[in-house]
Amino acid sequence: MPLPRPAAGRDAGDPDAGRLALLLDSAFLLLLAAALSRYLTHHAGNPRIPWVIGLSATLAVAQPAGSWLAHHCPPAPGRRRLWPLALVVALWVVLVLLAPSFAWCAVPLIYTALRTLPAQAAIPLVAALTLLVVIAEIRLPGGADATLVLLPPAVAALATGVFLFMARQAARQRALITDLVRARRELAATERREGTLAERERLAMEIHDTLAQGLSSQQMLLQAADRTWDSDPATARAHVRTAAEVAARNLAEARRFVHDLAPAELADGRPLDEALRALAGRESAESGLPVRFHLDGTPVPLPAAAQSALLRIAQGALANVREHAGASAAAITLSFLGDQAVLDIADDGRGFDPRTEGSEGAGRGYGLPAMRARLRQLGGTLTVESTPGEGTVVSAAIPLEPR
């Protein structure tokens, strides 16, 4: 894994980074004050005291100022503000050469270097600072001590290792968060696309089961009126009035499905069996195709979505009978079988081979797939039984909620 990048620019404005910088600055000032107190106690009258005090005061200002600049005034992207760290390190080196007691101020400086510089530059600097600390410890009165020689490298190695480990963990966490945010955005985009496709499918089914069928009925009625206009004006006018009623009903349906409302036949809590019975009567009156309705079993309340789907399926199936079957009669049967509701639409027309479903002409064949799509959303199934010359039965089954 590559070594972590510096955190100074990345931490700008981060409250946790600001608290860490405050902790490091406080530790540095505390060690600086302790070292100055020790120096003044053990070296009273030393001519270097004014220099040591001056350098200590300058460091006490430079270190917090550099941290404040790094946290609140980050450099432009691609550039690093290194001069505050360089100034602090240079002042500290001079101070250690004058007074070895200030060597332990290197611990906060090590963390500052690791936070400011890339690891490739920070590690050599940490090694140089550690070496200077060892030399300063050896120069202290009392002679060399193995502890004084081994302790600074151990502390520096521990501090560097912990920092690099935490930096790598933070980099992994940032990468994981970035991936998570990207995945959430992609998921949201996918959901928007799926919602758009679902709405398009809903509109396509509604248009097919309402407007397209209504327009087909109007076309048939107006053609019939045109054929009888001269020979039987009264019948022609009746066809035109019926076509106008179909147009008004389609207009109401268009307004309802644009607002995703229930079909007009189910408005005001009208039960499904009554809506199907009315549909059979209207179809018989408008198309001249006798359609009878039969209810089997005791009706149970159905969800609005299920009632709407079954009514639309009945409308679509009757439209197919009217336009393609050449039937002399049709029947709608609604059955409640305890665990499911079943709607059957049967006709005695010419029938077809179900294996060729959807191939009955260019631009046609959307009805049965739309029925299956409606039922699939409700956990239901569609069965088509047909043989050429023997009619067709379309059966839609929807599971009922356990009572």
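Structural data are supplied above this passage.
A. Just the sheet that holds strand β1 (residues 291–296), in detail. An order of β1-β2-β3-β5-β4 is seen for the five strands of this open sheet, with the pairing classed as mixed. Unpaired on one side and paired on the other, β1 and β4 (381–386) mark the two borders of the sheet. With direction set aside, neighbouring strand axes in the sheet form an average angle of 15 degrees. Where β1 meets strand β2 (residues 330–336), six bridges bridge the pair, whose relative direction is parallel. Each bridged residue has a counterpart across the sheet, and for Arg292 the counterpart in β2 is Ala331. The sheet contacts of helix α8 (residues 272–287) involve β1, β2 and β3 (340–347), and relative to β1 the element is tilted by about 165 degrees.

B. Structural context of empty space enclosed by the protein. The tally for this structure, following the rule as stated, stands at two cavities of 30 Å³ or more. In this structure, the second largest cavity occupies an estimated 80 Å³ of space. Lining the second largest cavity are Ala103, Trp104, Ala106, Val107, Ile110, Leu129, Thr130, Val133, Pro152, Val155 and Ala156. Among the secondary structure elements, those contributing two or more residues to the lining of the second largest cavity are α4 (106–116), α5 (119–139) and α6 (146–228). Of the residues contributing to the lining of the second largest cavity, the split by class is ten nonpolar, one polar and no charged.

C. Layout of the pattern of salt bridges. Tallying each qualifying case throughout the model produces two salt bridges. Here Arg182 ties to Asp179 by a salt bridge, and the two come within 2.8 Å at their closest N and O atoms. Separated by three residues within a single helix, Arg182 and Asp179 lie in helix α6, roughly one turn from each other. Between Glu283 and Arg322 there is a salt bridge; the shortest N-O distance is 2.5 Å.

D. Molecular detail of the pairing of β4. Of the two faces of β4, only the one carrying Leu382, Val384 and Ser386 is buried; Thr381, Thr383 and Glu385 on the other face are not. Two elements, β4 and strand β5 (residues 392–399), share six bridges in a ladder whose sense is antiparallel. The residue of β5 that forms the bridge with Leu382 is Ala396. Connecting β4 to the antiparallel partner β5 that follows it, the hairpin turn spans five residues, and Gly389 within it adopts a positive phi of roughly 85 degrees.

E. Quick peek at the environment of Ala236. As for its position among the elements, Ala236 is in helix α7 (residues 233–258). What makes Ala236 buried here is its relative accessible area of 0%. Residues Ala236 and Leu222 lie 14 residues apart in sequence; the distance between their C-alpha atoms is 8.1 Å. When near neighbours in sequence (up to four residues on either side) are disregarded, Ala236 contacts Ala225, Thr228 and Trp229.

F. Geometry of helix α9 (residues 304–325). Over its 22 residues, α9 runs 30 Å from end to end, which matches the ideal 32 Å to within 8%, given 1.5 Å per residue. With 17 of its 22 residues buried, α9 lies for the most part within the structure. In the segment just after α9, Gly326 is the residue with positive phi, at about 60 degrees.

G. Highlighting the packing of α9 against helix α10 (residues 367–377). Interhelical geometry of α9 versus α10 gives an angle of 165 degrees and a closest axis separation of 10 Å. In terms of orientation, α9 lies roughly antiparallel with respect to α10. In this structure, α9 meets α10 at a crossing whose hand is left-handed. Counting all contacts with α9, which are made through Ala309, Arg312, Ile313, Gly316, Ala317 and Asn320, the residues of α10 involved are Met371, Arg374 and Leu375.

Reading the values: the criteria
Residues numbered from 1 in each chain as written. Predicted model: local features only at pLDDT ≥ 70, side-chain atom pairs only at ≥ 80, totals over all residues. Heavy atoms only, no water. Pairing = 2+ DSSP bridges. Helix = DSSP H or I, 4+ residues; strand = E, 2+ residues; numbered from the N terminus. Axes fitted to C-alpha atoms, helices over the stretch in contact; angles between N-to-C directions. Contact = heavy atoms within 4.5 Å. 1 Å grid on protein atoms, 1.4 Å probe; cavity = no way out; pocket = protein on both sides within 12 Å on 5 of 7 lines; lining within 4 Å. Points joined across faces, edges and corners; volume = space filled by probe spheres on them. Nonpolar A, V, L, I, M, F, W, Y, C, P; charged D, E, K, R; others polar. Salt bridge = Lys/Arg side-chain N within 4 Å of Asp/Glu carboxyl O. Buried < 20%, exposed > 50% of the residue type's maximum accessible area, 1.4 Å probe, protein only. Expected span 1.5 Å × (residues − 1). Parallel < 35°, antiparallel > 145°, perpendicular 65-115°, else oblique. Left-handed = near helix turned anticlockwise from the far one by under 90°.

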